[in-house]
Amino acid sequence: MLGKLPVVRYVSTRDSSGASGRPFCHILLEGLAPDGGLYLPESYPAVDDEALERWRQVLRTDGYAALAFEVTSLFIDDIPPDDLRAICERAYAPEKFLDPAVAPVSQLSDGLWLLHLSNGPSAAFKDMAMQLLGELFEYELERRDTSITILGATSGDTGSAAEYALMGKPRVRVFMLSPQGRMTPFQQAQMFSIDDRSITNIAVAGVFDDCQDIVKEINADAEFKTRHRIGAVNSINWARLLAQVVYYFAAWLQIADDGRPISFAVPSGNFGNIAAGHVARSMGLPIHRLILATNENNVLDEFFTTGVYRIRGSAETQETSSPSMDISKASNFERFVADLVGRDGERVAELFGVQLREQGFFDLSEVRAFRDQLETHGFVTGSSTHADRLAQIRRTHEQDGVLIDPHTADAVQVARSMQVCGTVVALETALPVKFAATITEALSIDVPRPAVFDGIEDLPRHVVEVGRDASAVKELIAAASV
Ligand SMILES: *Cc1c(COP(=O)(O)O)cnc(C)c1O
């Protein structure tokens, strides 16, 4: 297609200068924009019926990686197409996933669909984004002939997904902090069994917030940060979001042969997964409703019901049986609000950079047509309790012999209780084996585990234990640099 080269530029959600944005590879390694906002494409590329029909064929004949290339190439114009195709093929190589279809769908007997996103190496949906991010990082670092030190904090799923995606990449070193003894035994085994010179697991004597504080403290030391080229793979990275857009298309292409709109129920924490659904819908994918499911930590459900977004402190954040959704502040939410207020950068800066920081909440309930706006964007929300999740795990097992994890059970609970008409797809975000104790609580059975995970608890553990002390972590980073 001569003369139709797309130009895609990224701008900060807080930008009001009207200056032109940056190309993809510029923002790839950057994370936050310099003004504290998050990057978004200036506009979302539109996908028409013809493209969707072509993609249906692409997915059928060439598989998930080929579809990932089609979608991502609409957002990335500074990597040559052949290179981007190869990146997608490495990221979504069928042999890395428990199911070669990568993101297959299945239907339960009550009509609800499941989109299986946890077939990757760490058994949680974060692999879907992290695998692509790992390949993009390696490609761009190679092109710039440089390296990076990834410093992160995890309460479970992010850390293992990052490590499985980044291990063996010569230009990336990883230092991953986790709260000592707080992850499930399976999650600990997954991370600590990795035997790779470039990966350092650090167990901190504290809780997740202590880990995050250490990361923040180290990042605040500008000299140290520059010297060791400290970077992050956190959930605000646009490339992670982009990778997730692909599976919304994949689900629709597999389910809606007739072109009908379908709805998605998404177990949400940092609003990354469902933000990708919002992007897919904005591009023209026929999505009827985006059903946002939270657990007892219902900051997001509250916003969509009242118009007030009030973040919580860690003391107000409950530990639940769907721990990857135990958030008090949804780090990707700013992207959706930017669209909600019509990309008014000044407004977003005021809401997130001033009101939220100074008073801990903002209130959009008075905004004219707030309800209409939510309606326009297709959002409906609900939340689940521990008892709800146990009940859905039981019901799904009794009806269909299918085991779902407690995060997926959040989505299934809200999907089944909301009475949204038409086809509904619940996103499966982790394999049950990752959260076996809750499954056993619901069903009194041992959770079967895929053969690849056999015996991981017995492998030698690679982990360094430290106190709640940033200087100990700095020493580890510095020692590894010589
Ligand atoms: C991270 C995670 C979620 C929440 O996804 P967000 O993108 O943060 O909304 C849900 N379930 C599982 C298993 C996760 O690991």
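Our structure is the block above this text.
Overview of the structure. (Residues numbered from 1 in each chain as written. Predicted model: local features only at pLDDT ≥ 70, side-chain atom pairs only at ≥ 80, totals over all residues. Heavy atoms only, no water.)

**A few points about the nonpolar core**
Inference 1: In this structure, Tyr92, Tyr248, Phe249, Phe271, Tyr309 and Phe333 are the most contacted members of the largest nonpolar core, which totals 115 residues.
Inference 2: Considering each element in turn, this core owes the most residues, 15 residues, to helix 10 (residues 238-255).
Inference 3: In contact with Phe249, other than residues within four places in its own chain, are Val47, Leu52, Trp55, Leu67, Val71, Ala280, Met283 and Leu285. (Core = buried A, V, L, I, M, F, W, Y, C linked by side-chain atoms within 4.5 Å. Buried < 20%, exposed > 50% of the residue type's maximum accessible area, 1.4 Å probe, protein only. Helix = DSSP H or I, 4+ residues; strand = E, 2+ residues; numbered from the N terminus. Contact = heavy atoms within 4.5 Å.)

**So, the sheet that holds strand 14 (residues 424-428)**
Strand pairing in a sheet is mediated by backbone hydrogen bonds. Such pairs are either parallel or antiparallel.
Inference 1: A sheet is described by the order of its strands in space; here 6 strands give the open sequence 3-4-14-9-10-13, paired in mixed fashion. The sheet is open, and its two edges are formed by strand 3 (105-107) and strand 13 (379-383), each paired on a single side. Strand-to-strand, the axes of this sheet are offset by a mean angle of 25 degrees, without reference to chain direction.
Inference 2: Where strand 3 and strand 4 (residues 113-116) come together, 3 bridges link them in antiparallel fashion. Paired with Gln107 across the two strands is Trp113, which belongs to strand 4.
Inference 3: Against the sheet, helix 17 (residues 406-418) makes contact with strand 4, strand 9 (262-267), strand 10 (287-294), strand 13 and strand 14, and its axis sits at roughly 125 degrees relative to strand 10, the strand it touches most. (Pairing = 2+ DSSP bridges. Axes fitted to C-alpha atoms, helices over the stretch in contact; angles between N-to-C directions.)

**Quick look at the packing of aromatic side chains**
Inference 1: In the structure shown here, the tally under the stated rule is 25 aromatic pairs.
Inference 2: Chaining the aromatic ring pairs together yields one cluster made of Phe271, Phe303, Phe304, Tyr309, Phe333, Phe336, Phe352, Phe362 and Phe379.
Inference 3: Sitting over the ring of Tyr44, Arg343 keeps its end group 5.3 Å from the ring centre.
Inference 4: The residue whose ring lies beneath Lys474 is Phe224, and the NZ or CZ to ring-centre distance is 5.3 Å. (Phe/Tyr/Trp six-rings, centres within 6.5 Å; stacked < 30°, edge-to-face > 60°. Lys NZ or Arg CZ within 6 Å of the ring centre and 35° of its normal.)

**Things to note about the environment of Ile255**
Inference 1: Relative to the helices and strands, Ile255 is located in helix 10.
Inference 2: Ile255 gets classed as buried once you look at its relative accessible area, which sits at 7%.

**Topic: the pattern of salt bridges**
Inference 1: In total, this model carries 27 salt bridges according to the counting rule given.
Inference 2: Its salt-bridge partner being Asp110, residue Arg416 comes within 2.8 Å of it at the nearest N-O pair. With Arg416 in helix 17 and Asp110 in the loop between strand 3 and strand 4, this residue pair connects regions lying 306 residues apart in the sequence.
Inference 3: Among the residues examined, Arg416 registers a relative accessible area of 16% and is labelled buried.
Inference 4: Given the relative accessible area of 35%, Asp110 is considered partly exposed.
Inference 5: For Arg182, the salt bridge identified is with Glu319, shortest N-O distance 3.4 Å. One end of the pair, Arg182, is in the loop between strand 6 (172-179) and helix 7 (185-192); the other, Glu319, is in the loop between strand 11 (308-310) and helix 13 (333-340), with 137 residues separating them in the sequence.
Inference 6: Classification of Arg182 by relative accessible area gives partly exposed; the value is 47%.
Inference 7: By relative accessible area, Glu319 is classed as exposed at 69%.
Inference 8: Ionic contacts of the salt-bridge type, sharing partners, join the residues Glu53, Arg56, Arg60 and Asp257 into one network. (Salt bridge = Lys/Arg side-chain N within 4 Å of Asp/Glu carboxyl O.)

**Let's talk about the pairing of strand 9**
Inference 1: Among the 6 residues of strand 9, 6 are classified as buried, and the element is accordingly described as predominantly covered.
Inference 2: Residues of strand 9 alternate between two faces, with Ile262, Phe264 and Val266 on one and Ser263, Ala265 and Pro267 on the opposite face, all of them buried.
Inference 3: Two strands pair when backbone bridges link them, and strand 9 and strand 10 are joined in this way by 5 bridges, in the parallel orientation. By the bridge assignment, Val266 is partnered in strand 10 with Leu292.
Inference 4: In terms of handedness, the path from strand 9 via helix 11 (residues 272-283) over to strand 10 forms a crossover that is right-handed.
Inference 5: In this sheet, strand 14 lies alongside strand 9 in parallel orientation, the contact comprising 3 bridges. Each bridged residue has a counterpart across the sheet, and for Ala265 the counterpart in strand 14 is Ala426. (Right-handed = clockwise from strand over helix to strand, strands pointing away.)

**Notes on the environment of Leu67**
Inference 1: In this structure, Leu67 sits in helix 3 (residues 64-72).
Inference 2: Here the alpha-carbon distance between Leu67 and His397, two residues 330 residues apart in the chain, equals 32 Å.
Inference 3: Ignoring anything within four residues of it in the chain, the contact list for Leu67 reads Trp55, Val58, Leu59, Val246, Phe249, Ala250 and Leu253.

**With respect to the site of the ligand**
Inference 1: Around the ligand sit 15 residues, and of these Lys126, Asp157, Gly269, Asn270 and Asn273 come closest.
Inference 2: One nitrogen or oxygen atom from the side chain of Lys126 is found 2.6 Å from an oxygen atom belonging to the ligand.
Inference 3: Asp157 places a side-chain nitrogen or oxygen 2.6 Å from an oxygen atom of the ligand.
Inference 4: When its residues are assigned to classes, the shell around the ligand shows 5 nonpolar, 8 polar and 2 charged. (Near = heavy atom within 4 Å. Polar contact = N/O pair within 3.5 Å; in protein donor to acceptor, adjacent residues only side chain to side chain. Nonpolar A, V, L, I, M, F, W, Y, C, P; charged D, E, K, R; others polar.)

**Brief notes about a negative patch on the surface**
Inference 1: A cluster of acidic residues, Asp213, Glu217, Asp469 and Glu475, forms a negative patch at the surface.
Inference 2: Residue placement: Glu217 occurs in helix 8 (residues 208-220).
Inference 3: Note on Glu217: relative accessible area 52%, which makes it exposed. (Patch = residues over 30% accessible without salt bridge, like charges linked within 9 Å, V, L, I, M, F, W, Y side chains within 5 Å. Areas by Shrake-Rupley, 256 points an atom, 1.4 Å probe, with all protein chains shown as cover. Lys, Arg positive; Asp, Glu negative; His and termini not counted. Charge placed at Lys NZ, Arg CZ, Asp CG, Glu CD.)

**Focus: unusual backbone geometry**
Inference 1: We note that Ala123 has phi near 65 degrees; this positive angle belongs to a residue other than glycine.
Inference 2: Relative to the elements of secondary structure, Ala123 occurs in the loop between strand 4 and helix 5 (126-144).

**Points about the sheet that holds strand 8 (residues 230-231)**
Inference 1: Sheet architecture is open: 5 strands sit in the order 8-5-6-7-15, paired in parallel fashion. Strand pairing shows two members of the sheet lacking a second neighbour, strand 8 and strand 15 (464-466), which therefore form its edges.
Inference 2: Judged from the 3 bridges that link them, strand 7 (residues 199-204) and strand 15 form a sheet pairing that is parallel. Looking at the pairing, Ala203 lines up with Glu465 of strand 15.
Inference 3: This element, helix 8, spans strand 5 (148-153), strand 6, strand 7 and strand 8 of the sheet and lies at about 150 degrees to strand 5.

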